Amino acid sequence: MSTFNLKDISFDMSDKVVLITGAAMGIGFEIARLFAKSGARLILTDLNPEIINIAKSLGKSSAGLEHLGFIANAADEQATIDLVKKAIKITQRVDILVNNAGIGILAKAEEMSSDIWDKTMNINARAPFIYAREVGRVMITQKYGRIINMASQAGVIALDQHLAYSTSKAALLGMTRALALEWGRHGITCNAISPTVVETELGRTAWAGEVGDRFKAQIPSGRFAQPQEIAQAVLYLASDGAGMINGANLLIDGGYSIT
């Protein structure tokens, strides 16, 4: 059973090993950069081959240890298992898992192919399960862990042409609650973050012009989220101060879902 000690509340991650998926750009990169600044040792994965150089560019952990970058196809189960085993052999532990990798292919429900459906489910729901299962076994042995799943407001409310995406993120929220229930007794918390549109390079392109203006008009805060805001929320949920938050879904949507 986990315990609480006031002196443990800190955003210093100097003694932590953090695995972040989809870390080459956008939200994932901002999360990686923030954890690097907080002193953690990073294990970064992405399909983009640049992930190896990105890991090197973030310097070293507070303990002087190199960050690790791995080219990874989140849809390949055996490759994921092998990657996690290889990383843990080097780092000896994983304290925090951030399941950030995901895809969003939009289509009308009546026009959506089974291939789009399957690809979306594999990347957005199945891959986070595989990472959580493999890392969770280590966390159970450690009797400590933090798992943060990047979901979406689309997993909570319906959005037009988001059928596969919404379903995959709703599944991820269900997985978050189930893992929180099963693993809480081992000192592990599992939570989700559900952003609205985030102004990454991809987000700015997809929601440019009139379509973006219409969407922002429905958000009480009147704007989209910034990647740094999402990263800060991840850091908080990974911190000692969030030890009693388990099975929660943090909506970062400027109030969109309350309207």
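Whatever comes next refers back to the structure up there.
Colleague: Please provide a residue-by-residue account of the side chain of His162, values included.
Modeller: Within the fold, His162 resides in the loop between strand E5 (145-150) and helix H5 (163-183). For His162, a relative accessible area of 9% puts it in the buried group. Residue contacts for His162: discarding those within four places in its chain leaves Leu106, Ala154 and Thr167.

Colleague: With reference to specific residues and values, describe the sheet that holds strand E3 (residues 68-71).
Modeller: What the 7 strands build is an open sheet, ordered E3-E2-E1-E4-E5-E6-E7; its pairing is parallel. Sheet topology places E3 and strand E7 (249-252) at the edges, where each strand pairs with a single neighbour. The sheet shows a mean angle of 15° between the axes of neighbouring strands, direction not considered. Pairing between strand E1 (residues 17-21) and strand E2 (residues 41-46): 5 bridges, direction parallel. Residue pairing in the sheet places Val18 in a bridge with Leu42 of E2. Seen against the sheet, helix H1 (residues 26-37) touches E1, E2, strand E4 (96-99) and E5 and runs at an angle of roughly 170° to E1. Most of the contacts of helix H4 (residues 114-142) go to E4, to which it runs at about 175°, and overall it touches E1, E2, E4, E5 and strand E6 (188-195).

Colleague: If you had to explain the pairing of E5 to someone new, which residues and values would you point to?
Modeller: For E5, a buried count of 6 out of 6 residues is recorded, marking the element as mostly surrounded by other parts of the structure. Both faces of E5 are covered, namely the face carrying Gly145, Ile147 and Asn149 and the face carrying Arg146, Ile148 and Met150. On the question of chirality, the crossover connecting E4 to the parallel E5 by way of H4 is right-handed. Inspection of the sheet shows E5 paired to E6 by 6 bridges, in the parallel sense. Counted as the bridge partner of Arg146 is Thr189 from E6.

Colleague: Kindly report on the nonpolar core, identifying the contributing residues and their values.
Modeller: Core analysis: the largest hydrophobic core is formed by 33 residues, its most contacted members being Ile20, Ile31, Phe35, Leu42, Leu44 and Ile193. Put simply, the parts of the chain that give this core at least two residues each are E1, H1, E2, helix H2 (51-57), E4, E5 and helix H8 (227-238). The element that contributes the greatest number of residues to this core is H8, accounting for 7 residues. When residues no more than four places from it in sequence are discounted, the contact partners of Ile31 are Ile20, Val98, Asn100, Met150, Ala231 and Val234. Of all hydrophobic cores here, the second largest spans 28 residues; its members include Ala72, Leu97, Val135 and Ala180.

Colleague: Account for the environment of Lys108, naming residues and giving values.
Modeller: Considering the arrangement of structural elements, one finds Lys108 in the loop between E4 and H4. Residue Lys108 is classed as partly exposed on the basis of its relative accessible area, which comes to 39%. Lys108 sits 10 residues away from Asp118 along the chain, and the two C-alpha atoms are 16 Å apart.

Colleague: Account for the pattern of salt bridges, naming residues and giving values.
Modeller: Pairing between side chains of opposite charge can happen when their charged atoms approach one another. Scanning the entire structure with this criterion turns up 9 salt bridges. Glu77 is the partner of Arg126 in a salt bridge, and the nearest nitrogen-oxygen pair spans 2.8 Å. One end of the pair, Arg126, is in helix H4; the other, Glu77, is in helix H3 (residues 77-91), with 49 residues separating them in the sequence. A residue is classified by how much of its surface remains accessible, and Arg126, at 35% relative accessible area, is partly exposed. With a shortest N-O distance of 3.1 Å, Arg137 and Glu134 are connected by a salt bridge. Here Glu134 and Arg137 lie together in helix H4, a separation of 3 residues that amounts to about one turn. Via salt bridges that share partners, Glu77, Arg126, Arg133, Glu134 and Arg137 belong to a single interconnected network.

Criteria and thresholds
- Residues numbered from 1 in each chain as written.
- Predicted model: local features only at pLDDT ≥ 70, side-chain atom pairs only at ≥ 80, totals over all residues.
- Heavy atoms only, no water.
- Helix = DSSP H or I, 4+ residues; strand = E, 2+ residues; numbered from the N terminus.
- Buried < 20%, exposed > 50% of the residue type's maximum accessible area, 1.4 Å probe, protein only.
- Contact = heavy atoms within 4.5 Å.
- Pairing = 2+ DSSP bridges.
- Axes fitted to C-alpha atoms, helices over the stretch in contact; angles between N-to-C directions.
- Right-handed = clockwise from strand over helix to strand, strands pointing away.
- Core = buried A, V, L, I, M, F, W, Y, C linked by side-chain atoms within 4.5 Å.
- Salt bridge = Lys/Arg side-chain N within 4 Å of Asp/Glu carboxyl O.

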